[in-house]
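In case you want the letters, here they are:
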Amino acid sequence: MSRRLVALLLALACFGCGGREPRIASTRSSFDGSPQDGGTLVRRLEADVSSLNPILASSRYDRYVAQYLFTPLIHLDRNLTPVPGLAKAWKVSDDGLLFRFELDERATFSDGNPVRAADVLFTLQKIVDPGSEAIQIAPGFELLDQARTRAIDDRTIEVAFRTARAGQLTYFNNLLVLPAHVYSEGDFRDDFRVRAVGSGPYTLAKRTAGVEVVLERRADYWTDKPHIQTVVMRVVSDQNTAWNALRTGEIDETVLAPDLWLRERNNPALSETIEFRRFYTRNYNYIAWNQRHPPLADPRVRRALAMCIPIEAIVRDLYHGTARAMSGPFTPDEWAFNPSVPVIRHDLAGAARLLATAGWTDVDGDGIVERDGQPLNLELMIMSGSTTGRRFAEMLQGEMKQAGVALEISVVDGTAAIDRIVAGNYQAAYLSWDLDPDPDVFPLFHSTQTPPRGSNVVRYSNPEADRLMEQGRSEMSQAKRKEIYWRLHEVLAADQPYAWTAQVSLKWGINKRVRGVAESSGFGLFLWYPGELAWWIAPAGRELDRTSP
Amino acid sequence: MSRVAPDAILLNGNEPAGESYARVSWRRFGRNRLSLVAVWYIVAMAAIALFAPFLATSAPLLEKGEDGWRSPALTGRSDLDATQRVRSFAIHAPVPVSPTVIDLSVRLSPPSWKHPLGTDDLGRDVLSRMIHGARISLAVGLLATLIALVAGSILGAIAGYYGGAADWIVSRLIEVVLCFPFLFLVLAIVALFKPSIYTVMIALGLTSWTSEARLVRGEFLRIRELEFAEAARASGAGDARIIFRHLLPNALAPVLVSASFGVATAILTESALSFLGLGVPLPMASWGSILASAREHIDYAWWLVLFPGLAIFTTVAAFNLAGERLRETLDPRSS
Amino acid sequence: MTVYVVRRLCYAVLTFFGITVATFALIRSVPGDPVSFYIGRAGAQTVPAETLARIRAEYRLDEPLPAQYLHWLQSAATLDFGRSIVDRRPVRERIAEKLPNTFQLNFIAFLIAVLSGVPIGLWSARRAGRAGEKVSSIALFLLYSLPSFWVALLLMQLFAVRWNLLPLLGMTSHDYSEMGGAAQFADRLRHLVLPVVTLTYAQLAIFARFSKSAFSEVIRQDYITAARAKGAGPGALMWRHAFRNALMPLITLLGLTVPYLISGSVIVEQMFQWDGIGLLYFDSILARDYPTVMALTVVTAIVTLLASVAADVLYALADPRVRVGERR
């Protein structure tokens, strides 16, 4: 799902992420330990919500709010395995083309109307209608066979696809069902930006654009009620401001910069009030090499450049071990990850040798290698506002210089950068992806997927990889899929269409009055089930000591 | 500020014969000690900026290698070479670290003997970066102001000298630029062109010429009817000659004052731009970009906040004080 | 006089068109457009070609620029500024809800700056040359030279984090809606302190310095000397004669301050998360939100031009020496 290469826009790239170490579960020994109802949770939004219409959700922040207001057809649990949501049961045909969902008969929208098959059908139609501009969600349903998709009865719906896709079921997690009787009236794109009617456990109490979204718990929620009475989502875009607000108790949770997390996590003055957590999500950073740029078309050059990345030092000193070097397109938590593929080591001498075999040597003695009289100058684009990007680029610049490569850093604002990437008008760019639960990398590396058709921003093309990606997305046998993706991992690692850098663990600070916090493998704190819906607030009295001097 | 007797005499008009206007002005200027301090501070900063490559570099200033004496700092050999070469004797720069030398193992260290102003988030020496940052900040400040000065003077001169349609057009142009949200203009220019120190200079220069233009125009309106302009015209001098040889020098005094304030503003704006991440390209350091890198560590790395902030503040204050004093000095009505 | 005002207004209208044309040309020449914004938002997902075509059509990106401008002008004339690309809300609504926030912040800062800056200037002008005045004028200079983002960082660090005296950011606390009237007022006030201080200090220095020189100028004028010779006391002299005359250059300054206020708001609003138009302007440029950028340009241009026309007219009214059509 889309979830977003928000990094492109927000330069989140840096916070990264971290291994599973469920340090503390919700069992702490104050009170009697049992969850309490009530209280107000103040969450942080790094950017304002652009729409409350969940079908138009375009950032993770839109989705954060939607998670409270709507219920998806299926939830993903802690391990990102499908579990019942609005659908209490489902059946997939053997050919993977037909999905039959049975709706929970208790389910109601916040206006009291029951959730019916017609509502699901309506929502699906809205998702695939190009006029909706459901840019984040629509691609998950691009293979939908609308003619054969139908309501079997009031509570049963059959969804048909033209082509089977192995990871299809997980995309139903994005199907946040809308009440047709509300959303069919008025302008679908414009009239539901600031109001919402859903079947989720909360209703919208207040929305102040640019400031906050306030949600109140539904008294008549149809399944397990969450504990927290009021959820305030506050827009705090600045990282330092958010940290300070967390300390003063103005917000209850925020992502933290790695340095800050590392420095403060053992600060005794904060140990009473703030809990520090870290975990890995399906997010990684990489350098995109535009393979239309002649010097970068040679995989040896790309590999040599990757050898200039001081990855060990980055992981050790920049992230203090809270990041992992990547060897290819999959993260170590995924089943598609092939553990036998080695990470490319930092080796400047080796890089120089490899460049020499590719024909790049320093003929004129100016310290920069040349081929046919052309020096190897590269422009690396980084996003303005990205601290990690800046740090990484400056470090790489020094390393590459020693291997005879002149790296020029361009700081470009997000929109201009995308413009250049889509047009192929760049040489190298430091980017990051936030990936779907299913390891289908077809849109990223298939030769047909160059922008604007897909996200093959590097213009990579390899017939074997193409074939593996085609097989991988349609193969239904999990064992065979694993084999395919393990091979794909090897092929991509050998070709180096990206220089994969690091998967950085996300660091979080949470006020200790918030209890019941847990992480999933891949999604972090939010958007899985029950995730944030299981949180509760420790009763007042304890609240007094949350403001530190 | 105590007044010294000879100055008092000077003031009363008993100027020693033959002393030039510039000399008198300088002496009047110097009567205020604080402004003298400001001027010397600017001179010192300029010297630091000018000699930055020799004040803060990993390359030895002078060394004796196998093949005799040489100066790696002067010949601009790469820093890596310098540290790896075998040498028997070497004189190092006062700050023996280049501003781009990265050492992750000492990142974010507080001030110490080895790093008097601490290190930044890549372990680079802050003092070294600030010395080189002075180069960027001053260069941007001075050149942006120069651009503004030249553009403003020419447009103002044209408007003031020819009047009529030319004046009308320039006046409208000034109005448009004045009413234009300045930051937008800068953002657009920075986004349009390849990010470089020159882009920043041009962006700042193109947005700040209006006050100079207005001043020159006003002065020209005033003095073009005066005797010496008439005389020049009578002797058959061309327009360009009259403007540049006769009128412009006479209008220069107020413009210089405005330029002095302009430098201060440009330095402030450059640092604000760098602070917003839109300033000089990497890995160059300007004071604003060091401050920006401190943003993430502000509650901890106080040295990253304090020193560059102080540098910006004191330099801007020095230019402002000097400008103010210059204004007082050149203003015949003020005492 | 009427002729002067009318001419001045005509010029303002001309300038206004100049500004909109320049903004229009600039924002469209910057690389990236709403389409790239959408693609960036979609991340690893692919935006269907039909959707991109719809966006291009909706924002008329395929038409020649002059046609686009004329179309914009046509709708703008009916005060229809279109919908924002970022959140598809009517641009008018987005600006209307943020304008009061910026106005509130700037108005208070401006008021404090004028009300304290002008008397300081007056006082300095009267005591020119004395020790106290010199110290104060140096202090004002130093204030004026302080980078606002640095001051904001230090203020936040000290008052909000270290001493926990004032709220760090935002316009209200999260429990604002549950407060009583008086508590709400106090809460708003507390949130205003730091941003207002940040905005005020430099302006205060400007106004003090400017009014000092304006007053000094007037004091030297012949008629003041004459009034003094007639036996007018120093207090009466200052107020009755000098003040009125010194007001003129001040009025001009006030007119010129407006665009600086708008630019200055960007940093302050960003740092304090103040939800005003400065922040909106910055974000809209980054998002290539053409409709919002154009509408904001119109708003700021109108405010600026009105201020400058008003200043000129007042100037002309107050000073008969200004010959019609000569100035500016």
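A. Fine view of the overall build of chain A. Of regular secondary structure, chain A possesses 15 helices and 24 strands. Computed over the C-alpha atoms, the radius of gyration of chain A is 24 Å, within 12% of the 24 Å expected from 2.2 N^0.38 for a compact globule of 549 residues. Along the first, second and third principal axes, the C-alpha set of chain A runs to 80 × 65 × 40 Å. Here chain A holds 549 residues, and the buried ones make up 56% of them. By sequence separation, contacts in chain A at least 24 residues apart represent 72% of the contacts at least 6 residues apart.

B. The overall build of chain C, seen in detail. When helices and strands are counted, chain C shows twelve helices and zero strands. If you list the helices and strands of chain C from N to C, you get α-α-α-α-α-α-α-α-α-α-α-α. Looking at chain C as a whole, 44% of its 328 residues qualify as buried.

C. Main features of the pairing of strand 10 (residues 230-235) of chain A. Residue and element names in this part refer to chain A. Most of strand 10 is tucked away: six of the six residues are buried. Residues of strand 10 alternate between two faces, with Thr 230, Val 232 and Arg 234 on one and Val 231, Met 233 and Val 235 on the opposite face, all of them buried. Here strand 1 (residues 40-45) pairs with strand 10 via six bridges, running parallel. Following the sheet pairing, Arg 43 is matched in strand 10 by Met 233. The sheet contact formed by strand 9 (residues 212-217) and strand 10 spans five bridges and is antiparallel. Its bridge partner being in strand 10, Glu 212 is matched across the sheet by Arg 234.

D. Geometry of the sheet that holds strand 11 (residues 253-256) of chain A. All names here are of chain A. If you walk across this open sheet you meet the three strands as 11-22-12, and the pairing is antiparallel. The open sheet is flanked by strand 11 and strand 12 (274-279), the only strands paired with a single partner. The mean angle between the axes of side-by-side strands here comes to 25°, regardless of whether they run parallel or antiparallel. Where helix 6 (residues 239-247) meets the sheet, its contacts fall on strand 11, strand 12 and strand 22 (506-511), and the angle it forms with strand 11 comes to roughly 135°.

E. Structural detail: the nonpolar core. Residues A:Ala288 and B:Met130 are the most contacted members of the largest nonpolar core, which totals 322 residues. Element by element, the count of residues in this core is highest for helix 7 (residues 126-162) of chain B, at 18 residues. Apart from residues no more than four positions distant in its own chain, B:Met130 is found in contact with B:Leu117, B:Trp287, B:Ile290, B:Phe307, B:Pro308 and B:Ala311. Of all hydrophobic cores here, the second largest spans five residues; its members include A:Leu76, A:Phe523, A:Leu527 and A:Tyr529.

F. Structural context of the interface of chain A and chain B. Of the residues lining the interface, 25 residues belong to chain A; the matching set on chain B comes to 22 residues. Counting residues per element, the ones that place at least two in the side of chain A that touches chain B are helix 6, helix 7 (258-264), helix 9 (311-318), helix 11 (387-402) and strand 18 (406-412) of chain A. Counting residues per element, the side of chain A that touches chain B draws most heavily on helix 11 of chain A, at nine residues. Residue classes in the side of chain A that touches chain B are distributed as eight nonpolar, ten polar and seven charged.

G. Examining the sheet that holds strand 5 (residues 98-103) of chain A more closely. Residue and element names in this part refer to chain A. The sheet built from four strands is open, its strands ordered 4-5-7-6 with antiparallel pairing. Edge strands, defined here as strands with exactly one partner in the open sheet, are strand 4 (87-92) and strand 6 (150-153). Across the sheet, the axes of successive neighbouring strands diverge by a mean angle of 25°, strand direction being ignored. Both strand 4 and strand 5 contribute to a ladder of five bridges, which runs antiparallel. Note that in strand 5 the partner of Trp 90 across the bridge is Phe 101. This element, helix 3 (residues 117-128), spans strand 5, strand 6 and strand 7 (156-160) of the sheet and lies at about 25° to strand 7.

H. Up close: the confidence of the model for chain C. Residues and elements named next belong to chain C. Overall, the predicted model of chain C reaches an average pLDDT of 79, with 84% of residues at or above 70. Every residue in residues 323-328 is under pLDDT 50, and counting partners more than four places away or in other chains gives nine contacts. Interface confidence for the predicted complex, given as ipTM, is 0.78, next to a pTM of 0.81.

I. Layout of the packing of helix 7 of chain B against helix 13 (residues 239-275) of chain B. All names here are of chain B. As a packed pair, helix 7 and helix 13 sit with axes 7 Å apart at the nearest point and diverge in direction by 145°. In this structure, helix 7 crosses over helix 13, and the sense of that crossing is right-handed. Listed contacts from helix 13 to Ser 137, Val 140, Gly 141, Leu 142, Ala 144, Thr 145, Ala 148, Leu 149, Ser 153, Ala 157 and Tyr 161 of helix 7 are Asp 239, Ile 243, Leu 247, Leu 248, Val 255, Ala 259, Gly 262, Val 263, Ala 266, Ile 267, Glu 270 and Ser 271. Each residue belonging to the contact of helix 7 with helix 13 can be placed in one class, and the counts come to 15 nonpolar, six polar and two charged.

What counts and how
Residues numbered from 1 in each chain as written. Chains lettered and ligands numbered in written order. Predicted model: local features only at pLDDT ≥ 70, side-chain atom pairs only at ≥ 80, totals over all residues. Helix = DSSP H or I, 4+ residues; strand = E, 2+ residues; numbered from the N terminus. Rg over C-alpha atoms; globule rule 2.2 N^0.38 Å. Buried ≥ 20, exposed ≤ 12 C-beta atoms within 10 Å, placed from the backbone. Contact = placed C-beta atoms within 7 Å. Pairing = 2+ DSSP bridges. Axes fitted to C-alpha atoms, helices over the stretch in contact; angles between N-to-C directions. Core = buried A, V, L, I, M, F, W, Y, C linked by C-beta atoms within 7 Å. Nonpolar A, V, L, I, M, F, W, Y, C, P; charged D, E, K, R; others polar. pLDDT = per-residue confidence, 0-100. Left-handed = near helix turned anticlockwise from the far one by under 90°.

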